[in-house]
Amino acid sequence: MTRVFHDDDATLEPLRDKRIAVLGYGNQGRAQALNLRDSGMSVIVGNAADEYAAHAKQDGIPLYSIAEAAARGDIVMSLLPDEVTPAIYREAVRPGLSKGKTLVFASGYCVCFRQIEFPPDINVIMVAPRTVGIAVRQHYQRGEGFLSFVDVHQDVDGQAWPMTLALAKGIGSLKSYALHVSFKDETELDLFTEQALVPALSVVLTTAVEVAVQAGYPKVAAVLELYLSGEIGDVLHEAAKYGWVGQTGLHSPTSRYGSKSRLPRFEAPELRKTMEDVLAYIRSGKFADEWGAEQAGGYKHFTAMDEAFKKTLFAKFEREVMQELHMNQDPRDAG
């Protein structure tokens, strides 16, 4: 049975009299730092001199370089992007990890693929929210929880699990619950979602928009009906509460009949085979090697794919619709 943890399973005591250093003040870093501070913890931030550092100053959290924050912190939370973590860890974080400290990750990637070596006398744990940083903050402010995956990779003093649950409680996750999921499983399932489910959904969505518009329906009506209205997001939200099967009861008989009677048309054996191949590639470590080579090569393929996606027929339709509706296409401008 999977171990499930709730608010009553944890106490904040392991965090008392500890200085928590949050490395990286981006998507997850800002949300978790603010939540921990609002839970009464002593929090500092380590960040490069960039726009995120400016946000930390505005929020009133003591700001240091990554190296100094890692040295000052009793609990060091690495909330940096996976691709830059190994280099920053070797250069700035590892020198500050003295005996008895706790190193925390919000992603299992670098541990799963053995990109980092740890000193033998520190705790290494994971608290990985299953939602984006802005939602981590909003759920906390509303007194709600959110799911996190938690695990202990290295326990040197018998306090790694109490510390893990204290941090999950401190960021507000346990108002909902946390699951014990290994670093390895968290990483591979996360990559599988990104590389199998999301591409499949993207192909389905873009194809549906192109078919509808090319059949003569107004672009605005087609794009809004298919996804931009937010209805699909609402369906997924209800599925998170009642399950995918359960949420179908919220739809009309016409909707349920149409959806279920057409399911067999889309149950393609090649889709299952593609997903199985994607998962095998991830588990073999070959994707981590591929992504590492892409970084070493200057992100050339990554940049080219990004630009190509922006030039697709679907992207053209979407851009025209959003301009007509005066909608903002850049989430970084949302504040």
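Draft legend 1. Layout of the overall build of the protein chain. Across its full length, the protein chain carries 16 helices and 9 strands. Relative to a compact globule of 335 residues, whose C-alpha radius of gyration would be 20 Å, the protein chain shows 22 Å and is just as compact. Across the 335 residues that make up the protein chain, the buried fraction comes to 39%. Considering only intrachain contacts with a sequence separation of at least 6, the fraction spanning at least 24 residues in the protein chain is 66%. On the protein chain, the mean spot of the 35 positive side-chain charges and the mean spot of the 44 negative ones are 1 Å from each other.

Draft legend 2. Quick peek at the pattern of salt bridges. Applying the stated criterion across every chain, the model contains 17 salt bridges. Close ionic contact of Asp-7 with Lys-175 constitutes a salt bridge, the shortest N to O distance being 3.9 Å. Remark: Lys-175 occurs in the loop between helix 7 (160-170) and strand 9 (178-180) and Asp-7 occurs in the loop between strand 1 (4-5) and strand 2 (19-23); sequence separation between them is 168 residues. Lys-175 gets classed as exposed once you look at its relative accessible area, which sits at 54%. As a salt-bridge pair, Asp-38 and Arg-37 come within 3.7 Å of each other at their nearest N and O atoms. Taking the relative accessible area as the measure of exposure, Asp-38 reaches 40% and is therefore partly exposed.

Draft legend 3. Spatial organisation of the pairing of strand 8 (residues 148-154). Burial within strand 8 is extensive, with 6 of its 7 residues counted as buried. Alignment of strand 7 (residues 123-129) against strand 8, held across 6 bridges, turns out to be antiparallel. Pairing of Val-127 across the sheet is with Val-150, part of strand 8. Across 3 bridges, the pairing between strand 8 and strand 9 is parallel. If you follow Phe-149 over to strand 9, its bridge partner there is Leu-179. The β-α-β motif built from strand 8, the intervening helix 7 and the parallel element strand 9 has right-handed crossover chirality.

Draft legend 4. Region of interest: the side chain of Thr-85. Positionally, Thr-85 belongs in helix 4 (residues 85-93). Given the relative accessible area of 4%, Thr-85 is considered buried. Among the polar contacts made by the side chain of Thr-85, one reaches the main-chain carbonyl oxygen of Pro-81 at a distance of 2.8 Å. Excluding residues within four positions of it along the chain, Thr-85 makes contact with Ser-78, Leu-80, Phe-105, Cys-110 and Ile-116.

Conventions used here
- Throughout, a residue's number is its position along its own chain's written sequence, starting from 1.
- Local features in this predicted model are restricted to residues whose pLDDT is 70 or higher, and side-chain atom pairs enter the listing and the counts only when it is 80 or higher, whereas totals over whole chains, interfaces and linings include all residues.
- Computation of side-chain values: all heavy atoms of the structure, hydrogens and water removed.
- We count a stretch as a helix when DSSP gives it H or I for four or more residues in a row; a strand needs E for two or more, and each element gets its number in order from the N terminus.
- Radius of gyration: over C-alpha atoms. The globule rule applied is 2.2 Å multiplied by the number of residues raised to the 0.38 power.
- Exposure categories follow from relative accessible area, calculated using a 1.4 Å probe and restricted to protein chains: below 20% of the type maximum is buried, above 50% is exposed, and the middle band is partly exposed.
- Any two residues whose heavy atoms approach within 4.5 Å at even a single point are treated as in contact.
- When charges are counted, neither His nor the chain ends are considered; positive counts come from Lys and Arg and negative counts from Asp and Glu.
- Every charge is mapped onto a representative atom, which is NZ of Lys, CZ of Arg, CG of Asp or CD of Glu.
- We count a salt bridge whenever a side-chain nitrogen from Lys or Arg sits within 4 Å of a carboxyl oxygen from Asp or Glu.
- Two strands form a pair only when DSSP identifies at least two bridges running between them.
- Assignment of crossover handedness uses the view with strands pointing away from the viewer, where a clockwise path from the first strand over the helix to the second indicates a right-handed crossover.
- Pairs of N or O atoms within 3.5 Å make up the polar contacts considered here, provided that, within protein, one atom can donate a hydrogen while the other can accept it, and that residues adjacent in sequence are counted only when both atoms are side-chain atoms.

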